Amino acid sequence: MNGLININKPKCATPLASLHKLRRSISIPDTVKIGYAGRLDPLASGVLLAMIGDTCRERDRFQALEKSYKFCVLLGVHTDSLDPLGVVDEIRISEADPSITTIRKILKKTELIQDQRIPLYSSYTINGTQMYKLARSGDITDIDRPIREISIRSLQLEAQTFVDRDLLIDRFLSEIDQVEGNFRQDDIISRWKSIKKELPSKLHILNCTATVSSGTYIRSIAEQIGTYLNTTAIAYDIVRTSVGKFSLSNSFYL
């Protein structure tokens, strides 16, 4: 039994949990190997390529495919994971909100980036150990984050909005609580609750789309946008809309 299935990974599920669900859904025998090409974070959703049987040998080929995303950037907040599933470690609210013209110029500047810092909490390995494990043990800090070469083919602003602080953070808390596995949920939820009143009642959101090379982190793109805007930022509602020719329109819903 061999093949490739384009699945739509749901939000709050890990890629491994999605593969287990796929195995049960289409009755893949336990003796048949399954894997995925191109990890998606628990709070991200969208196209995840599931390889079955001998197709797992082609992982590098599928992993190298160009990827497209839509995502939101929350300005003014920074977490150690660069998304809501992380501990808030900095708040920097700008005195004046940037104009649309300024934002578009910043996105064009970000689009030119060719070197990107890998998120501290990621599955990227250093000497055989995943970075998030090194971060949890204190063996690596934010300043030690390695840099990799990337390419951003397009980065566009679709809209900017202002959302209610309490509604957004309550939504974050609900989604974080639904994530299975040990992702420091108790510490993360406690910190979000404690900083809620430090934030303005309306939070500035940028709705963006991007097409990027393999290995590019949308979370790091959001962080860089914040830096260029002289504030902090995280990514949320990350949806991978395509991997190569595989898109959400022809994905298998679990």
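Details of the structure are given in the entry above.
Residues numbered from 1 in each chain as written. Predicted model: local features only at pLDDT ≥ 70, side-chain atom pairs only at ≥ 80, totals over all residues. Heavy atoms only, no water.

Break down the overall build of the chain for me, citing the residues and quoting the values.
A count of helices and strands for the chain gives seven helices and 15 strands. Projected onto the principal axes, the alpha-carbon positions of the chain cover approximately 60 × 35 × 35 Å. Taken across its 254 residues, the chain has 51% of its residues classed as buried. Summed over all atoms, the accessible surface of the chain reaches about 12,200 Å², with 47% contributed by carbon and sulfur. (Helix = DSSP H or I, 4+ residues; strand = E, 2+ residues; numbered from the N terminus. Buried < 20%, exposed > 50% of the residue type's maximum accessible area, 1.4 Å probe, protein only. Areas by Shrake-Rupley, 256 points an atom, 1.4 Å probe, with all protein chains shown as cover.)

Describe the packing of helix α5 (residues 165–178) against helix α6 (residues 185–195), and please don't skip the residues or the numbers.
As a packed pair, α5 and α6 sit with axes 10 Å apart at the nearest point and diverge in direction by 170 degrees. Looking at the two axes, α5 sits roughly antiparallel to α6. Where α5 approaches α6, its residues I169, F172, L173, I176 and D177 are matched on the opposing element by Q185, I188, I189, W192 and K193. A per-class count over the contact of α5 with α6 returns seven nonpolar, one polar and two charged. (Axes fitted to C-alpha atoms, helices over the stretch in contact; angles between N-to-C directions. Parallel < 35°, antiparallel > 145°, perpendicular 65-115°, else oblique. Contact = heavy atoms within 4.5 Å. Nonpolar A, V, L, I, M, F, W, Y, C, P; charged D, E, K, R; others polar.)

Provide a residue-level description of α5, including the pertinent values.
Because each turn of an α-helix spans 3.6 residues, side chains separated by three or four positions end up pointing in the same direction. The terminal C-alpha atoms of α5 lie 20 Å apart, and with 14 residues this matches the ideal 20 Å at 1.5 Å per residue to within 8%. Taken residue by residue, α5 has R165, L168, I169, F172, L173, E175 and I176 as its buried positions. Against the buried residues of α5 lie β4 (67–75), β11 (152–164), α6, β12 (202–212) and β13 (233–243). The backbone nitrogen of D166 has a side-chain oxygen 3.1 Å away, supplied by the residue at the start of α5, namely D164. (Expected span 1.5 Å × (residues − 1). Polar contact = N/O pair within 3.5 Å; in protein donor to acceptor, adjacent residues only side chain to side chain.)

A description of the pattern of salt bridges should follow, citing residues and the corresponding values.
According to the stated counting rule, one finds 18 salt bridges in the structure shown. A salt bridge links K108 to E111, with the shortest nitrogen-to-oxygen separation between them at 3.7 Å. With K108 and E111 both in helix α3 (residues 100–111) and three residues apart, this pair spans about one turn of that helix. Several salt bridges share partner residues, and in doing so they unite K11, R171, E175 and D237 into one network. (Salt bridge = Lys/Arg side-chain N within 4 Å of Asp/Glu carboxyl O.)

I'd like a description of the packing of α3 against helix α7 (residues 218–228), backed by residues and values.
Look at α3 against α7: their axes get within 10 Å of each other, and the N-to-C directions meet at 125 degrees. Classified by the angle between their axes, α3 and α7 sit oblique to one another. The hand of the α3/α7 crossing is right-handed. Residues I106, L107, K109 and T110 of α3 touch α7, and the partners they reach there are I221, Q224, I225 and Y228. Among the residues making up the contact of α3 with α7, the classes are represented as five nonpolar, two polar and one charged. (Left-handed = near helix turned anticlockwise from the far one by under 90°.)

Please give an account of the layout of surface pockets that cites residues and values.
In this structure, the largest pocket encloses a volume near 1,000 Å³. What lines the largest pocket is a set of 39 residues, among which R39, D41, S122, S123 and Y217 lie closest to the centre. Those elements that place two or more of their residues in the lining of the largest pocket are α1 (15–25), α2 (59–63), β4, α4 (131–137), α7 and β13. For the lining of the largest pocket, the per-class residue count stands at 16 nonpolar, 13 polar and ten charged. (1 Å grid on protein atoms, 1.4 Å probe; cavity = no way out; pocket = protein on both sides within 12 Å on 5 of 7 lines; lining within 4 Å. Points joined across faces, edges and corners; volume = space filled by probe spheres on them.)

Any details on the pairing of strand β1 (residues 3–9)? Residues and values, ideally.
β1 sits mainly inside the fold: five of its seven residues count as buried. Relative to strand β3 (residues 45–52), β1 runs antiparallel, the two sharing seven bridges. Residue N6 lies in a different strand from β3, and its bridge partner there is L49. Pairing between β1 and strand β15 (residues 252–253): two bridges, direction parallel. Paired with I7 across the bridge in β15 is F252. (Pairing = 2+ DSSP bridges.)

Requested: an account of empty space enclosed by the protein, with residues and values cited.
Rolled over the atoms, a probe with the dimensions of a water molecule shows which regions are left empty. Counted by the stated rule, this structure contains one cavity of 30 Å³ or more. Here the largest cavity is characterised by a volume of approximately 50 Å³. Lining the largest cavity, in full, are D41, L43, A44, D83, P84, A235, Y236, D237 and I238. Tallied by class, the residues present in the lining of the largest cavity amount to six nonpolar, no polar and three charged.

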